[in-house]
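# Breakdown of the fold
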Amino acid sequence: MCIRDRSTWGELKIQIMQIFWLLAVAFVFPVFCDEAGATRNYPIAVFHGISDECSSDWILDFVHYLSSELNTYVRCIEIGKGAISTWLMTIEEQGKEACEKLKMDSHYNGDFSIVGLSQGTIISRYVLQKCDMKGTPRRFISVGGPIMGVSALPHCEKGPFCSVVNLSLIHI
């Protein structure tokens, strides 16, 4: 795949996510059926990554894509005041707020799915392990998160600072 100047990072992220979701829709989601044996698409809660927010174009496109492909309710759950909150709030604070926002949305009072993107996978994990709510997360998809560790500082590929930091992360 060749990335040309006309492709923006946001467009590339959308293309990557579309490929991922086509595979997920084809291979993962149909396996889950309700009691009658029919495929069931639960509502989906999306948690974005660090320095991002639910109102960013690529997240809006991603949520719309999931909703239209799976024919189900999909919502990006915004924590705090957007991108800045991903840096300034602790994971505990973000997790607690995520739980409260899910409790306030009646779509998540039953079974639902969670998609975590990057740092959103940590918030998703908090929801899975610590939320006391009516709804029950039935599916969790982690995309690009640090749950299995981090091998490089995001968006830091060149320069002496990045080299030192990324080399250190490899050995942690």
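The residue count restarts for each chain, going from 1 along the sequence in the order it is written. In keeping with the predicted nature of the model, local features appear solely for residues at pLDDT of at least 70, side-chain atom pairs appear and are counted solely at 80 or more, and the whole-chain, interface and lining totals rest on all residues. Derived side-chain values reflect all non-hydrogen atoms in the structure, with water molecules and hydrogen atoms excluded from consideration.

What counts as a helix is a DSSP run of H or I of at least four residues, what counts as a strand is a run of E of at least two, and both are numbered from the N terminus. Check the secondary structure of the protein and you find 6 helices and 4 strands. When the helices and strands of the protein are listed from N to C terminus, the series reads α-β-α-β-α-α-β-α-β-α. Partly exposed residues are those whose accessible area sits between 20% and 50% of the maximum for their type, while under 20% is buried and over 50% is exposed, using a 1.4 Å probe and protein chains only. Here the protein, with 172 residues, has 37% of them falling under the buried criterion. Whether two residues are in contact is decided by their heavy atoms: any pair within 4.5 Å suffices. A sequence separation of at least 24 residues applies to 69% of the contacts in the protein between residues at least 6 apart. Computed by Shrake-Rupley with a 1.4 Å probe, the accessible areas treat only the displayed protein chains as cover when residues are assessed. For the protein, the exposed surface amounts to about 10400 Å²; the carbon and sulfur share of it is 58%.

The criterion for a disulfide is a pair of cysteine sulfur atoms lying within 2.5 Å. A complete count under the given rule lists 2 disulfides for this structure. Here Cys54 engages in a disulfide with Cys76; their sulfurs sit 2.1 Å apart. The disulfide joining Cys54 to Cys76 has a torsion of about -70° about its S-S bond and is therefore left-handed. Of this pair, Cys54 sits in the loop between strand 1 (44-47) and helix 2 (57-70) while Cys76 sits in strand 2 (residues 74-76), placing them 22 residues apart in sequence. Residue Cys99 pairs covalently with Cys131 via a disulfide, S to S 1.6 Å.

Before going further, it helps to spend a moment on helix 5 (residues 120-130). Taken as a whole, helix 5 has its buried residues at Gly120, Thr121, Ile123, Ser124, Tyr126 and Val127. Buried residues along helix 5 sit in contact with strand 1, helix 4 (91-104), strand 3 (111-117) and strand 4 (136-143).

Here the focus is unusual backbone geometry. Although it is not a glycine, Ser51 sits at a positive phi angle of roughly 65°. Turning to its location among the elements, Ser51 is positioned in the loop between strand 1 and helix 2. A relative accessible area of 43% places Ser51 in the partly exposed class. A positive phi angle, near 55°, is found at Ser118, a position not held by glycine.

Our next topic: the nonpolar core. Where a protein is soluble and globular, its nonpolar side chains tend to be buried together. Phe47, Ile77, Leu102, Tyr108 and Val127 are the most contacted members of the largest nonpolar core, which has 16 residues in total. Taken together, the elements giving at least two residues each to this core come down to strand 1, helix 4, strand 3 and helix 5. Setting aside anything within four residues of it in sequence, one finds Leu102 in contact with Ala45, Phe47, Ile77, Tyr108, Phe112, Val127 and Met133. Judged by nonpolar contacts, the second largest core, of 15 residues, contains Ile59, Val63, Val115 and Ile141. In these notes, a set of buried Ala, Val, Leu, Ile, Met, Phe, Trp, Tyr and Cys residues joined through side-chain atoms within 4.5 Å is what counts as a nonpolar core.

Turning our eyes to something else, we now look at the sheet that holds strand 2. Strand pairing requires that DSSP identify at least two bridges connecting the strands. Spatial strand order, 2-1-3-4: 4 strands in an open sheet with parallel pairing. Either end of the sheet is taken by a strand with one partner, and the two such strands are strand 2 and strand 4. Each adjacent strand pair in this sheet contributes to an overall mean axis angle of 20°, direction not counted. The sheet contact formed by strand 1 and strand 3 spans 4 bridges and is parallel. Residue pairing in the sheet places Val46 in a bridge with Val115 of strand 3. Of the strands in this sheet, strand 1, strand 2 and strand 3 touch helix 2, which is tilted by about 165° from strand 2. Each axis is a line fitted through C-alpha atoms, and for a helix only the stretch in contact is used; angles between axes span 0 to 180 degrees, taken between their N-to-C directions. Against the sheet, helix 5 engages strand 1, strand 3 and strand 4, with an angle of about 150° to strand 3.

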